[in-house]
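Overview (structure and organization)
So you can see what is in the structure, the chains are spelled out below.
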Amino acid sequence: MIHETAHPLAGKTVTLKNGKMFRIEDWWDRVSGKSWRDSGRDPAVLEYAVRAGGSGLPLNDEVVYGKIGSDGHLIHKSELRK
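Residues numbered from 1 in each chain as written. Predicted model: local features only at pLDDT ≥ 70, side-chain atom pairs only at ≥ 80, totals over all residues. Heavy atoms only, no water.

1. Things to note about the pairing of strand β4 (residues 71–76)
Just so we agree on the cut-off: Strands were regarded as paired on the criterion that DSSP finds at least two bridges between them. Each helix is a run of DSSP H or I of at least 4 residues and each strand a run of E of at least 2, with the numbering of both proceeding from the N terminus.
Pairing analysis gives six bridges linking strand β3 (residues 63–68) to β4, with the strands arranged antiparallel. Within β4, the position partnered with Tyr-65 by the bridge is Leu-74. What sits between the antiparallel neighbours β3 and β4 is a turn of two residues, in which Gly-69 has the positive phi angle 65°.

As structure tokens, this is what we get:
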């Protein structure tokens, strides 16, 4: 299921729990039109899949797309500072 509304922090730069600055574009499913699990060989998706599998992050669609510097990344909502 694709999120019906934009992420509340879309367009903002936030600090991740690891201290890096992350500019949120939106929920991944709104950016791509599908779940990250169905997104094939997108580099950001592949990096997230490896990281999620190795760290125990939830494998749901509560994932946002954004940038750290000029590189695109997927970040689970649990990795965002509150």
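2. Structural notes on the pattern of salt bridges
Filter applied, for reference: Put simply, a salt bridge is a Lys or Arg side-chain nitrogen that is within 4 Å of an Asp or Glu carboxyl oxygen. Burial here depends on accessible area, computed with a 1.4 Å probe over protein chains only, as a share of the maximum for the residue type. Under 20% is buried, over 50% is exposed, and the range in between is partly exposed.
The tally for this structure, following the rule as stated, stands at five salt bridges. In this structure, the salt-bridge partner of Arg-51 is Glu-47, at a minimum N-O distance of 3.1 Å. Taken together, the positions of Arg-51 and Glu-47, both in helix α2 (residues 43–55) and four residues apart, correspond to about one turn of that helix. Owing to a relative accessible area of 23%, Arg-51 belongs among the partly exposed residues under this scheme. The closest approach of N and O atoms between Glu-79 and Arg-51, which form a salt bridge, is 2.4 Å. Here Glu-79, found in the segment after β4, pairs with Arg-51, found in helix α2; they are 28 residues apart in sequence, far enough to count as distant. Of the residues examined, Glu-79 reaches a relative accessible area of 17% and is grouped as buried. Each of the salt bridges in this network shares a partner with another, and the network as a whole consists of Glu-47, Arg-51 and Glu-79.

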